[in-house]
Amino acid sequence: MYLYLFQLLLYLYSMSLKIKYLNTRNNYSKNKAIFLTKESKISDFKGIFDDQINIKIIGFLKNNTKSKENKISALNLDFDQKIIIILLVNKNDFFQSEKIGARFYDFVKNNDVNNVLIFGSNSSSVINKIEFESFLHGAELKSYEFNLYKSKKNNKIINFNILIQKNKNNKETKKKLNALLDGVNFTKDLVSEPGNILHPDEYAKRLSGLKKIGLKVTIYDKKKLKKLGCNALLGVGQGSIRGSYLVTMEWNGKKSKSKPLAFVGKGVCFDTGGISLKPARFMEDMTYDMAGSAVVVGLMKNFALRKAKINAVGVVGLVENMPGGNAQRPGDIVKSYSGKTIEVLNTDAEGRLVLADALTFTEKKFKPSFIIDLATLTGAIIVSLGSEYAGLFSNDDKLSQKIYEAGEKVKEKVWRLPLHKNFDKLMNSKNADMQNINYVGGAGSITAAQFLQRFIINKTPWAHLDIAGMAFSKYAGALNSSGATGYGVRLLNKLVEDNYE
């Protein structure tokens, strides 16, 4: 066994990460961090601190023997030197270890500690109570900020210098977590971009750049979509000067030609509501209306970076919903890719029109083993579930249960709501096969999902995640700062890891 020193640089803008592996135990950090458990004893710190400091550490432990929760505190040795103590009370699963790492990052940042040496495992009792790589992963997730457009950036760097015993599993675990981090942060970056920068043309261009990491990217522009008959999607974007696109990203991580797992995302880069114009107040938040597509993109990037042993396809519909002179009107009737006709009674119920074509296209072209779509689809889901759960709708109980269990493990929670044929009556149209809103009122999220289900033609197992309450937050969460949350990438990655690899 060798002792390695990892230097982890966490930048406080966007998310930059540099890791250096140094064969040295030189202690150049005044501030140090250690893990304690109730089983810790003074001999655990022999050779690390002098006897006087060891006595203070054990004294801290004695004063906190009745603690029932994990705790982070600091022993101040002098005005610029601290020992940060991370007290672990219970055995922590992966998520809890991430959460402790995120809290540790906040503690260091809030206490203006710029450089800290972390002793990763000073005793076997620590190893049994925390997953150290996930602890670091939590800190990395929490450190994300999007301030690309601030003229004065905070260039302050926090250095985590980690001393830990070499472990054969560390390298592989870190590789997977780095891929997941890249996927989550790419999703956050996309969602955070303003609408004048990340319009459909620019978005499609950025997705084309994913070819360099091994994804097969195919872009269908207006001309190709018109030829295919994707008129529901095209109708949404026809009022904008920007293009409308359907983009597919394929990852083939299996040698066999097994059916792919399919993920579909709504990518409305900005949603004014179209002719059915939204109120001005909070319309600026509608730059987030492409979050479902960003989750799919981040997930696919993660699969490619970690060389996931699956076949998967991501499909995103990219449009801008604007009230131009050529915009779709309330009352227009369009023929979807499936051949079914839709009466557009409200142009602000546009996401389901984009997904209608994307779902049928995905099912017909790729014949996947399942389809999961994600969208910031309805405000009604926020009324129902707030910012605690995403709404889950599905035609398959087994797929639903797997998604639910994955969500519980990474704490990206979902709650299943019903689908029933009686809701179809609310979406039937006198003038077309269906209408895009329920004018009777009520069950807004359910009738939207019921609408989408009509475009699953061949009974493919399908789930719809309405993430309107989860994609962004005005407040910081356990693992994220305020703004884009990246919700869905970790959830679906866990689903795949546990069930399909």
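Our subject is the structure that appears above.
## Section: the sheet that holds strand 14 (residues 370-375)
Sheet strands associate in pairs through backbone hydrogen bonding, adopting either a parallel or an antiparallel arrangement. Across the sheet, which stays open at both edges, the eight strands sit in the order 8-9-11-10-14-18-15-16 with mixed pairing between neighbours. Sheet topology places strand 8 (216-220) and strand 16 (414-416) at the edges, where each strand pairs with a single neighbour. Taking the axes of each pair of neighbouring strands and ignoring which way they run, one obtains an average angle of 20 degrees across the sheet. Across five bridges, strand 14 lies against strand 18 (residues 462-466) in parallel orientation. Bridge pairing in strand 18 places aspartate 373 opposite histidine 464. Each of strand 10 (261-271), strand 14, strand 16 and strand 18 is contacted by helix 15 (residues 489-499), which is oriented at about 170 degrees to strand 14, the strand it contacts most.

## Notes on the pairing of strand 12 (residues 332-335)
Side chains on a regular strand alternate between the two faces of the sheet. Only one face of strand 12 is covered, namely the face carrying Asp332 and Val334; the face carrying Ile333 and Lys335 is uncovered. Of the pairings in the sheet, the one linking strand 12 to strand 13 (residues 341-344) comprises four bridges and is antiparallel in character. By the bridge assignment for strand 13, valine 334 is matched with isoleucine 342. The turn joining strand 12 and strand 13, which pair antiparallel and follow one another in sequence, is formed by five residues; a positive phi near 100 degrees is taken by glycine 339.

## Here we look at the pattern of salt bridges
Going through the model one piece at a time under the given rule, you end up with 21 salt bridges. In this structure, glutamate 145 engages lysine 109 in a salt bridge whose closest nitrogen and oxygen atoms are separated by 2.9 Å. Placement of the pair is glutamate 145 in the loop between helix 4 (132-142) and strand 7 (157-165) and lysine 109 in helix 2 (residues 94-110), with a sequence separation of 36 residues. Among the residues examined, glutamate 145 registers a relative accessible area of 25% and is labelled partly exposed. Three or more residues are tied together by salt bridges with common partners; here these are Glu98, Glu412 and Arg490.

## Focus: empty space enclosed by the protein
The full count for this structure, using the stated rule, is one cavity of 30 Å³ or more. Here the largest cavity is characterised by a volume of approximately 30 Å³. Along its surface, the largest cavity is lined by Gly235, Val236, Gly274, Ile275, Asn321, Met322, Ala327, Gln328 and Thr347. Considered class by class, the residues forming the lining of the largest cavity number four nonpolar, five polar and no charged.

## Digging into the sheet that holds strand 13
In spatial order, the strands read 12-13-17; together these three strands make up an open sheet with mixed pairing. Where the open sheet ends on each side, the last strands, each with one partner, are strand 12 and strand 17 (434-435).

## Examining helix 2
Here helix 2 contains 17 residues, and its C-alpha end-to-end distance of 24 Å stays within 8% of the 24 Å for a straight helix at 1.5 Å per residue. Positive backbone phi, at 55 degrees, marks aspartate 112, one or two positions downstream of helix 2.

## Some thoughts on the packing of aromatic side chains
Per the counting criterion, the structure on display carries 16 aromatic pairs. Ring centres of phenylalanine 104 and phenylalanine 135 lie 5.6 Å apart, and the angle between their planes is 45 degrees; this geometry places the pair in the tilted category. In this pair, phenylalanine 104 is assigned in helix 2 and phenylalanine 135 in helix 4, connecting sequence segments 31 residues apart. Between phenylalanine 132 and phenylalanine 135, the ring centres sit 5.7 Å apart and the planes meet at 20 degrees, which makes this aromatic pair stacked. Within this pair, phenylalanine 132 and its partner phenylalanine 135 are both found in helix 4, separated by three residues, close to a single helical turn. Pair check on accessibility: phenylalanine 132 and phenylalanine 135 agree, each one buried. The ring of phenylalanine 186 carries lysine 301 above its face, with NZ or CZ at 4.4 Å from the centroid. Lysine 365 extends its terminal NZ or CZ atom over the ring of phenylalanine 366, reaching a point 5.7 Å from the ring centre.

Rules used throughout
Residues numbered from 1 in each chain as written. Predicted model: local features only at pLDDT ≥ 70, side-chain atom pairs only at ≥ 80, totals over all residues. Heavy atoms only, no water. Pairing = 2+ DSSP bridges. Helix = DSSP H or I, 4+ residues; strand = E, 2+ residues; numbered from the N terminus. Axes fitted to C-alpha atoms, helices over the stretch in contact; angles between N-to-C directions. Contact = heavy atoms within 4.5 Å. Buried < 20%, exposed > 50% of the residue type's maximum accessible area, 1.4 Å probe, protein only. Salt bridge = Lys/Arg side-chain N within 4 Å of Asp/Glu carboxyl O. 1 Å grid on protein atoms, 1.4 Å probe; cavity = no way out; pocket = protein on both sides within 12 Å on 5 of 7 lines; lining within 4 Å. Points joined across faces, edges and corners; volume = space filled by probe spheres on them. Nonpolar A, V, L, I, M, F, W, Y, C, P; charged D, E, K, R; others polar. Expected span 1.5 Å × (residues − 1). Phe/Tyr/Trp six-rings, centres within 6.5 Å; stacked < 30°, edge-to-face > 60°. Lys NZ or Arg CZ within 6 Å of the ring centre and 35° of its normal.

In short, the description is geometric, and any link to function would need to be established separately.
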